Amino acid sequence: MARYKLENNTRIQFTAEEEAEFDALQTTWNDASAERKLAQIKDIRLQKLIETDYLANSDVTMPDNIKTWRQSLRDIPQDFLTEEQYDLLLARETDKTKDNFGELTHSIWSKP
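Because the structure is predicted, anything quoted here is derived from the model rather than measured. Every residue gets a number counted from 1 within its own chain, in the order that chain's sequence is written. The model is predicted, so local features are restricted to residues of pLDDT at least 70 and side-chain atom pairs to those at 80 or more, both for listing and for counting; the totals for chains, interfaces and linings are taken over all residues. Where side-chain values are given, they derive from all heavy atoms of the structure, hydrogens and water being excluded.

## Describing the pairing of strand 2 (residues 10-13)
For two strands to be treated as a pair, DSSP must find no fewer than two bridges joining them. Helix and strand definitions here come from DSSP, where helices need a minimum of 4 consecutive H or I residues and strands a minimum of 2 consecutive E residues; each element is numbered from the N-terminal end. In this sheet, strand 2 lies alongside strand 1 (residues 4-7) in antiparallel orientation, the contact comprising four bridges. Following the sheet pairing, Leu6 is matched in strand 2 by Arg11. A loop of two residues connects strand 1 with strand 2, the two strands running antiparallel in sequence, and Asn8 in this loop sits at a positive phi of about 55°.

## Here's the deal with helix 3 (residues 64-74)
Along an α-helix, residues three or four apart share an orientation, since each turn contains 3.6 residues. Among the residues of helix 3, Ile66, Trp69, Arg70 and Leu73 are the ones counted as buried. The arc that holds every buried residue of helix 3, seen down its axis, measures 100°, which confines them to one face. Residues Asp64 and Thr68 are exposed on helix 3 and point more than 90 degrees away from its buried face. In the core, the buried residues of helix 3 are packed alongside helix 2 (33-51) and helix 4 (76-79). Residue burial is assigned from relative accessible area. The probe radius is 1.4 Å, only protein chains are included, and a residue is buried under 20% of its type maximum, exposed over 50%, and partly exposed in between. The arc under discussion is defined with respect to the helix axis, by the directions toward the C-beta atoms. Any pair of residues with heavy atoms lying within 4.5 Å of one another is described as a contacting pair.

## Here we look at the packing of aromatic side chains
Two rings from Phe, Tyr or Trp (for Trp, the six-membered ring) form a pair when their centres are within 6.5 Å of each other. A pair whose planes differ by under 30 degrees is stacked, one over 60 is edge-to-face, and the rest are tilted. Counting across every chain of the model gives one aromatic pair. Think of it as a cone above the ring: NZ of Lys or CZ of Arg counts as a charge over the ring if it is within 6 Å of the ring centre and within 35 degrees of the ring normal. Sitting over the face of the ring of Tyr4, Arg11 holds its NZ or CZ atom 3.7 Å from the ring centroid.

## Topic: the environment of Ile41
On the secondary structure map, Ile41 appears in helix 2. In this structure the C-alpha to C-alpha distance between Ile41 and Glu51, which are ten residues apart in sequence, comes to 15 Å. Ile41 has contacts with Ile76, Tyr86, Leu89, Leu90 and Trp109, leaving out every residue within four places of it along the chain.

## A few points about the packing of helix 2 against helix 5 (residues 83-90)
Lines fitted to C-alpha atoms define the axes, with helix axes restricted to the stretch in contact, and inter-axis angles between N-to-C directions lie between 0 and 180 degrees. One can describe the packing of helix 2 onto helix 5 by two numbers: an axis separation of 10 Å at closest approach and a directional angle of 40°. Crossing of helix 2 against helix 5: the hand is left-handed. The segment helix 2 lies against helix 5, with Ser33, Ala34, Lys37, Leu38, Gln40, Ile41 and Ile44 engaging Glu83, Tyr86, Asp87, Leu89 and Leu90. Grouping the amino acids of the contact of helix 2 with helix 5 by side-chain chemistry returns seven nonpolar, two polar and three charged. Should the near helix be turned anticlockwise from the far one by less than a right angle, the crossing is termed left-handed; should it be turned clockwise, right-handed. When residues are sorted by character, Ala, Val, Leu, Ile, Met, Phe, Trp, Tyr, Cys and Pro go into the nonpolar class, Asp, Glu, Lys and Arg into the charged class, and all the rest, Gly among them, into the polar class.

## A few points about the nonpolar core
Ranked by internal contacts, the top residues of the largest apolar core, which has 14 residues, are Ile41, Leu73, Ile76, Phe80, Leu89, Ile108 and Trp109. Secondary-structure elements contributing two or more residues to this core are helix 2, helix 3 and helix 5. Looking at which element gives the most residues to this core, the answer is helix 2, with four residues. Only buried Ala, Val, Leu, Ile, Met, Phe, Trp, Tyr and Cys residues count toward a nonpolar core, and they belong to the same one when joined by side-chain atoms within 4.5 Å.

## A word on the pattern of salt bridges
Side chains bearing opposite charge may pair, as long as their charged atoms lie close to each other. By convention in these notes, a salt bridge is any Lys or Arg side-chain nitrogen within 4 Å of a carboxyl oxygen on Asp or Glu. Counted under the stated rule, the structure contains nine salt bridges. One salt bridge in this structure joins Arg3 and Glu19, with 2.6 Å as the shortest N-O distance. Here Glu19 lies in helix 1 (residues 16-31) and Arg3 lies in the segment before strand 1, a separation of 16 residues in the sequence. Classification of Arg3 as partly exposed rests on a relative accessible area of 21%.

Laid out in structure tokens, this is it:
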């Protein structure tokens, strides 16, 4: 499939070199997909941990179920290792009629 670029408002077909460069860039981007997903998961995990950090203060007793949940969040990088598993963690509700539309659906994200 031919690719094109715009130069001076004129559509010009890529040269063979430009095609090769574009393909290389696209391969590099695609190859880094898992790393981008893991970074996104770590950002979400950090937000979830921050939301319950106040329970770790010395004057507050953290419930055991929260301790267990926080530990499971910290264990994500060692327990979820494949891009397919990352996809499950990043899955969001797609039914617009549901109250939780757009929210993460994996049970690990639900605070007990």
